[in-house]
Amino acid sequence: MQLTVNTQAHALDEQRVPPDMPLLWVLRDELGLTGTKYGCGVAACGACTVQVDGQAVRSCVTPVGAVQGKAVKTIEGLAGAGLHPLQQAWVTHQVPQCGYCQSGMLMAAEALLRQKPQPTDADIDAAITNLCRCGTYPRVRAAIHAAAAALAPAGNPGAKSVVKTASAGQDRSAA
């Protein structure tokens, strides 16, 4: 079986990797990509979120056979030479506390920004269904808005967004 993860092709031994094996375990145990986390095993928490053909999916319930011939992207494939704007926004807005859910949240957030480059809070709340035990949701929203502004083309008047700062809870405009 062939699997493309983070633009690299991998040949999987079908004796070791049956088509019904969850993608999560293939990523972690067979490919050594441990950034994707196991949380609940029933697609409820989102810690295992990766992207398949640009869509956020829960890898704990996705059989590897279902993604054959599709592009899989994990947290390890998010950044290029430096931090992705989402990762930088996560740092700037001090989103992580324990950090366990963060790789899944970042993958869901990046998929959202590709679909909706300037999401509203309602868009974010609808798309980011990942659970965070530390409750950093206001910081997540602020970081996504900041990343959206950073990713917006220069001079795009529609790229202005309102960002709610996590510490002061005040609105400020970000271009």
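**Observations concerning the overall build of the protein chain**
Line of reasoning, step 1. When its secondary structure is counted, the protein chain shows five helices and seven strands.
Line of reasoning, step 2. Reading the secondary structure of the protein chain in the N-to-C direction produces β-β-α-β-β-β-α-α-α-α-β-β.
Line of reasoning, step 3. Within the protein chain, the proportion of its 175 residues that are buried is 43%.
Line of reasoning, step 4. Contacts in the protein chain between residues at least 24 apart in sequence constitute 56% of all its contacts with a sequence separation of at least 6.
Line of reasoning, step 5. Split by element, the accessible area of the protein chain, about 8800 Å² in all, is 52% carbon and sulfur.

**Quick look at the side chain of Q87**
Line of reasoning, step 1. Looking at the element boundaries, Q87 is found in helix α2 (residues 85–92).
Line of reasoning, step 2. Look at Q87 and you get buried, because its relative accessible area is 15%.
Line of reasoning, step 3. Ignoring sequence-local partners within four residues, the contact set of Q87 consists of I75, L78, A79 and L106.

**Brief notes about the packing of α2 against helix α5 (residues 137–151)**
Line of reasoning, step 1. Taken N-terminus to C-terminus, the directions of α2 and α5 make an angle of 135°; their axes are 8 Å apart at the nearest point. With respect to their mutual orientation, α2 and α5 come out oblique. α5 is crossed by α2, and the crossing has right-handed handedness. Between α2, through P85, L86, A89 and W90, and α5, the contact on the second element is made entirely by V140, A143, I144, A146, A147, A150 and L151.
Line of reasoning, step 2. Considering only residue class, the contact of α2 with α5 consists of eleven nonpolar, no polar and no charged.

**Brief notes about the nonpolar core**
Line of reasoning, step 1. Among the nonpolar cores identified, the biggest contains 22 residues, and L86, W90, M105, I128 and I144 are the most heavily contacted of them.
Line of reasoning, step 2. Secondary structure elements with two or more residues in this core: α2, α3 (102–115) and α5.
Line of reasoning, step 3. When residues of this core are assigned to their parent elements, the largest contribution, seven residues, is made by α3.
Line of reasoning, step 4. Residue contacts for W90: discarding those within four places in its chain leaves V95, P96, Q102, M105, L106, A109, V140, A143 and I144.
Line of reasoning, step 5. Within the second largest apolar cluster, 15 residues are counted, among which are M21, L23, V26 and V52.

Rules used in this analysis
- Residues numbered from 1 in each chain as written.
- Predicted model: local features only at pLDDT ≥ 70, side-chain atom pairs only at ≥ 80, totals over all residues.
- Heavy atoms only, no water.
- Helix = DSSP H or I, 4+ residues; strand = E, 2+ residues; numbered from the N terminus.
- Buried < 20%, exposed > 50% of the residue type's maximum accessible area, 1.4 Å probe, protein only.
- Contact = heavy atoms within 4.5 Å.
- Areas by Shrake-Rupley, 256 points an atom, 1.4 Å probe, with all protein chains shown as cover.
- Axes fitted to C-alpha atoms, helices over the stretch in contact; angles between N-to-C directions.
- Parallel < 35°, antiparallel > 145°, perpendicular 65-115°, else oblique.
- Left-handed = near helix turned anticlockwise from the far one by under 90°.
- Nonpolar A, V, L, I, M, F, W, Y, C, P; charged D, E, K, R; others polar.
- Core = buried A, V, L, I, M, F, W, Y, C linked by side-chain atoms within 4.5 Å.

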